[in-house]
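One-letter residues, chain by chain:
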Amino acid sequence: MDPNQPVTENYANPKTCFFHVLFKAAALAFYILSALFIDNFVIIFVVTVLLAALDFWVVKNVSGRILVGLRWWNEINDLGESVWKFECLDQESLARMNKKDSWLFWWTLYLTAVAWIVLGIFSLIRLQADYLLVIGVCVTLSIANIVGFTKCKKDAKKQFQQFASQTLASRFSSTLSSAFSVV
Amino acid sequence: SASVPAPPPLPSSRPEIAASGFGPAPNTLTEPVWDTVKRDLSRIISNLKLVVFPNPYREDPGKALRDWDLWGPFFFIVFLGLTLSWSASVKKSEVFAVAFGLLAAGAVILTLNVLLLGGHIIFFQSLSLLGYCLFPLDVGALICMLKDNVILKIVVVCVTLAWSSWAAYPFMSSAVNPRRKALALYPVFLMYVSVGFLIIAID
């Protein structure tokens, strides 16, 4: 083996990546195949929406945490107002996150939403209102996760910038005060 | 003279977090998956108990459904759709689609109604509440599916209808101006009556 060869990272959390993709792929596959083979709309609806809902839960609560270190949810505070809460790992841990993991996370999120929208356009063309219902639910779930995690990432960046500028300011003032104390 | 050595620092049980402002300590970021599942399941059960059964928090709707979630409502709507679909002897798929669409759209419209009346509720909290209030009607639909007696159906539907309306009442009425209470509550009652009709009339 050539010691000068750069080490390519492997997936750090293969099991999580697998589950992250599993329910998305299962929902899409079931929907597409069942439209060809199964004539019972109720089964198609319930199974597809169930898989999509499971996928939503897995992404929001498990793979988001493990693959990209982000978490988002909504709370109602004491004043009765709705507050969106974002949580993320500290900067060092985030920087150490596996690149392949996060690449897979984001791209499968986007691709799934696009796939559902394309299927929705097909249903629209064929004027199948009931299938549009299924697709509507799946698209909503996909987009909810995309919006939630994107907001969380932006919030994390903002917090890091604030922290960095605070640290810089405090270091600057302490250097100044120590310089003056020497005099 | 011997100096007293400083006591060793306590081992931190949580990973270090960076500066303030990141919300609660990242316990939930590093907790095992099973904990998350348990937390969500127990939240569904506690929400159900809060909304549908008598408890001391009912009169304080702000507290009642603070930890709203949509899993319970999702399950109850699907269950009602499935029950109605099973009870139907023809057009099962259409019945299911109509029931699901009606219930989902109904919840959204009822919420918008309160907001348009100038009331103060949070959109998802209201959807969550209206979904949980379907639990009695689910029970009623199940009983009606199993027993085919018309008189029994009417009695069961009336009882569960009253129960659902009672469950939704404090939350909906406190969200609006007292002079507009009836305007907010009447559509809710109307929706539950139509669902009740669906349950009785399904053949």
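What counts as what
Residues numbered from 1 in each chain as written. Chains lettered and ligands numbered in written order. Predicted model: local features only at pLDDT ≥ 70, side-chain atom pairs only at ≥ 80, totals over all residues. Heavy atoms only, no water. Helix = DSSP H or I, 4+ residues; strand = E, 2+ residues; numbered from the N terminus. Buried < 20%, exposed > 50% of the residue type's maximum accessible area, 1.4 Å probe, protein only. UniProt positions renumbered as here; feature names shortened; annotations may be inferred. Core = buried A, V, L, I, M, F, W, Y, C linked by side-chain atoms within 4.5 Å. Contact = heavy atoms within 4.5 Å. 1 Å grid on protein atoms, 1.4 Å probe; cavity = no way out; pocket = protein on both sides within 12 Å on 5 of 7 lines; lining within 4 Å. Points joined across faces, edges and corners; volume = space filled by probe spheres on them. Nonpolar A, V, L, I, M, F, W, Y, C, P; charged D, E, K, R; others polar. Buried area = accessible area lost by both parts, 1.4 Å probe. Salt bridge = Lys/Arg side-chain N within 4 Å of Asp/Glu carboxyl O.

Peer 1: What's the story with the environment of Leu103(B) in this structure? I'm lost.
Peer 2: Residue and element names in this part refer to chain B. Locating Leu103 in the fold gives a position in helix H5 (residues 92-116). By relative accessible area, Leu103 is classed as buried at 4%. Each C-alpha atom of the pair Leu103 and Val78 lies 9.5 Å from the other, and the pair is 25 residues apart in sequence.

Peer 1: What's the story with the UniProt feature "transmembrane region" (unreviewed entry) in chain A in this structure? I'm lost.
Peer 2: Residue and element names in this part refer to chain A. The feature "transmembrane region" (unreviewed entry), as annotated in UniProt, sits at residues 28-58, 103-125 and 131-150 in this numbering. End-to-end, the C-alpha atoms of residues 28-58 are 16 Å apart, and along that stretch the chain is 90% helix and 0% strand. Along residues 103-125, the helical share is 100% and the strand share 0%, with 33 Å between the first and last C-alpha atoms.

Peer 1: How do you make sense of the nonpolar core when you look at a structure like this?
Peer 2: One recurring pattern in soluble globular proteins: nonpolar side chains tend to sit buried together. Ranked by internal contacts, the top residues of the largest apolar core, which has 73 residues, are Tyr31(A), Trp116(A), Val51(B), Leu134(B), Tyr192(B) and Ile199(B). Here this core gets ten residues from one element, more than from any other, and that element is helix H2 (residues 41-68) of chain A. Not counting residues up to four positions away in its chain, the partners in contact with Leu134(B) are Phe76(B), Ile77(B), Leu80(B), Leu103(B) and Tyr192(B). Core analysis: the second largest hydrophobic core is formed by 19 residues, Phe56(A), Val68(A), Cys88(A) and Phe149(A) among them.

Peer 1: It is not clear to me how unusual backbone geometry should be interpreted in this structure. Could you clarify?
Peer 2: With glycine set apart, most residues show a phi of negative sign, and most peptide bonds adopt trans. Notably, Leu127(A) is not glycine yet its phi reads approximately 55°, a positive angle. Secondary-structure assignment places Leu127(A) in the loop between helix H4 (99-125) and helix H5 (129-182). Taking the relative accessible area as the measure of exposure, Leu127(A) reaches 75% and is therefore exposed. Look at Lys91(B): it is not a glycine, yet its phi comes out positive at around 55°. As for its position among the elements, Lys91(B) is in the loop between helix H4 (71-87) and H5. Residue Lys91(B) is classed as exposed on the basis of its relative accessible area, which comes to 60%.

Peer 1: Which parts of the structure should I look at to understand the layout of surface pockets?
Peer 2: One way to see where empty space is left: roll a probe the size of a water molecule over the atoms. Quantified by volume, the largest pocket comes out at close to 1,600 Å³. Residue lining of the largest pocket: 48 residues in total, with Phe56(A), Leu141(A), Trp68(B), Leu70(B) and Phe124(B) positioned closest to the centre. Elements represented by at least two residues in the lining of the largest pocket include exactly H2, strand E1 (70-76), strand E2 (82-88) and H5 of chain A together with helix H2 (33-52), H4, H5 and helix H6 (123-132) of chain B. Top contributing element to the lining of the largest pocket by residue count: H5(A), with ten residues. Tallied by class, residues from the lining of the largest pocket come to 32 nonpolar, seven polar and nine charged. Roughly 440 Å³ of volume is contained in the second largest pocket. In this structure, the second largest pocket is lined by 17 residues; those nearest its centre are Leu50(A), Leu54(A), Ile44(B), Trp71(B) and Phe74(B). For the lining of the second largest pocket, the secondary-structure elements that each account for two or more residues are H2 of chain A together with H2 and H4 of chain B. The biggest single contributor to the lining of the second largest pocket is H2(A), with seven residues.

Peer 1: When you look at the interface of chain B and chain A in this model, what are you seeing that I'm missing?
Peer 2: Interface size is often expressed as the accessible area that is lost when the parts come together. At the junction of the two partners, chain B supplies 35 residues and chain A supplies 34 residues. Interface area for chain B against chain A, summed over the two sides, is near 2,800 Å², with a carbon-plus-sulfur share of 71%. Put simply, chain B and chain A have zero salt bridges between them. Of all the secondary-structure elements, those providing two or more residues to the side of chain B that touches chain A are helix H1 (27-30), H2, H4 and H5 of chain B. Residue composition of the side of chain B that touches chain A, by class: 21 nonpolar, eight polar and six charged.

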